[in-house]
Amino acid sequence: MKPHFAALAAPRRIPHLVVVSPHLDDAVLGCGSLLASFGGSVVCTVFAGEPAVARRTPWDEASGFRDSHEAMRARPREDECALACCGAKPLRLKFVDAQYGAEEPPETIAAALAEVFERVGQHGRFLPVFPLGLWHRDHECVGAACRLLLRTRRIAECIAYEDAIFRAIPGALDEGLARIEAALLCASPWHPHALDASPGRQLAALKRRAVGAYPSQLRAFGHYPPDVARAERYWRLAPRS
Ligand SMILES: [Zn+2]
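Conventions used here
- Residues numbered from 1 in each chain as written.
- Predicted model: local features only at pLDDT ≥ 70, side-chain atom pairs only at ≥ 80, totals over all residues.
- Heavy atoms only, no water.
- Donors = N, O, S within 2.8 Å, 3.2 Å for Na, K, Ca; no water.
- Tetrahedral: all angles 85-135°; square planar, octahedral: opposite > 155°, others 65-115°.
- Helix = DSSP H or I, 4+ residues; strand = E, 2+ residues; numbered from the N terminus.
- Buried < 20%, exposed > 50% of the residue type's maximum accessible area, 1.4 Å probe, protein only.
- Phe/Tyr/Trp six-rings, centres within 6.5 Å; stacked < 30°, edge-to-face > 60°.
- Lys NZ or Arg CZ within 6 Å of the ring centre and 35° of its normal.
- Pairing = 2+ DSSP bridges.
- Axes fitted to C-alpha atoms, helices over the stretch in contact; angles between N-to-C directions.
- Contact = heavy atoms within 4.5 Å.
- Parallel < 35°, antiparallel > 145°, perpendicular 65-115°, else oblique.
- Left-handed = near helix turned anticlockwise from the far one by under 90°.
- Nonpolar A, V, L, I, M, F, W, Y, C, P; charged D, E, K, R; others polar.

Q: Describe the coordination of the zinc ion, with residues and values.
A: Protein ligation of the zinc ion involves His-23 (ND1), Asp-26 (OD), Asp-26 (OD) and His-139 (NE2), the donor distances falling in the range 2.1 to 2.6 Å. Metal-centred angles of 54 to 145 degrees between the four donor atoms at the zinc ion mark the site as irregular. Spacing between the donor residues of the zinc ion along the chain follows H-x2-D-x112-H. Residue Asp-26 is located in helix 1 (residues 26-37), and its partner His-139 is located in helix 5 (residues 137-151); the two are separated by 113 residues in the primary sequence. According to the relative accessible area criterion, Asp-26 is buried, its value standing at 9%. Take His-139: its relative accessible area is 2%, and that puts it in the buried class.

This is the structure:
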């Protein structure tokens, strides 16, 4: 099913972005160039909490960590360096990654994000940016929270970036767009002028440097993921009028 496309006027002036990142790398992997082109943005990572009891998972082991305790101490530091490359600041929620056996309903994530937006909104206007929420359980949960916030009009609109790596899985992007359609929201391709104002090569180099600040994750990937080097793509999501 194709999403419902609508010609939405681009926001005239975007003060700064609040980018929601499921894990401690997704914002940079999926929209690092966008972050770098908007200085002073905030990245809110949802699953940045540590499980109460240390766990060992294949992903953390492939990343070079003994257990979740070591991983969740090192990864925020890597993320801090990566975000600094993009001129962004971190903000972290304490929900626990699905790889540690945790599961949160989208309603809980939506409520926590609504609080974050309310707090950040006291300091000025911003544009919320979400992942589309593709393939991975935590990503899907954040995507569902985003749709909930839009459907209940707790946010009027937002931008969604395509989840790097997962968007390359056959059918994953179509599924994500179909969920937006099913939630009676409209999605239209979005291209910010800020991206045109910065030389593409410079943004790509900045992003590459930022991604390089995640040595543990690059180790687990085994290589620089080709999809991360592909052009970022964004969608503007809003309730159907
Ligand atoms: Zn992720």
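Q: I'd like a description of the packing of aromatic side chains, backed by residues and values.
A: Aromatic rings in a pair are described by how distant their centres are and how their planes are angled relative to each other. Applying the stated criterion across every chain, the model contains five aromatic pairs. When the centroid spacing of 5.6 Å and the interplanar angle of 35 degrees are considered together, the rings of Phe-117 and Phe-126 count as tilted. Take Phe-117: its relative accessible area is 7%, and that puts it in the buried class. Aromatic side chains Phe-117 and Phe-130 sit 5.9 Å apart centroid to centroid with 75 degrees between the ring planes, which places their arrangement in the edge-to-face category. Of this pair, Phe-117 sits in helix 4 (residues 106-121) while Phe-130 sits in strand 4 (residues 127-131); the two residues are 13 residues apart in sequence, bridging distant segments of the chain. Put simply, the rings of Phe-117, Phe-126 and Phe-130 touch in pairs and so form one group of aromatic residues. When the ring centre of Tyr-224 is taken as reference, the NZ or CZ atom of Arg-208 above it lies at 4.0 Å.

Q: Would you mind going over the sheet that holds strand 5 (residues 158-161) in detail, with residue names and values included?
A: Taking strand neighbours across the sheet as the criterion, the seven strands line up as 3-2-1-4-5-7-6 in an open arrangement whose pairing is mixed. At either end of the open sheet lies a strand with only one pairing partner, and these are strand 3 (89-92) and strand 6 (185-190). For this sheet, the mean inter-axis angle between neighbouring strands, taken without regard to orientation, is 30 degrees. Pairing geometry for strand 2 (residues 42-45) and strand 3, over four bridges, is parallel. Bridging across to strand 3, Val-42 finds its partner in Lys-89. The strands touched by helix 1 within the sheet are strand 1 (17-21), strand 2, strand 4, strand 5, strand 6 and strand 7 (234-239), with strand 1 carrying the most contacts at an inclination of about 160 degrees. Set on the sheet, helix 3 (residues 68-85) makes contact with strand 2 and strand 3; between it and strand 3 the angle comes to about 145 degrees.

Q: Please provide a residue-by-residue account of the packing of helix 1 against helix 8 (residues 200-212), values included.
A: It is the contact of helix 1 with helix 8, at a shortest axis distance of 9 Å, that shows an interaxial angle of 130 degrees. Taken together, the axes of helix 1 and helix 8 lie oblique to each other. As helix 1 runs across helix 8, the sense of the crossing is right-handed. Contacts between helix 1 and helix 8 involve Val-28, Leu-29, Gly-30, Gly-32, Ser-33, Ala-36 and Ser-37 on the former and, on the latter, Leu-203, Leu-206, Lys-207, Ala-210 and Val-211. Here the residues of the contact of helix 1 with helix 8 sort into seven nonpolar, four polar and one charged.

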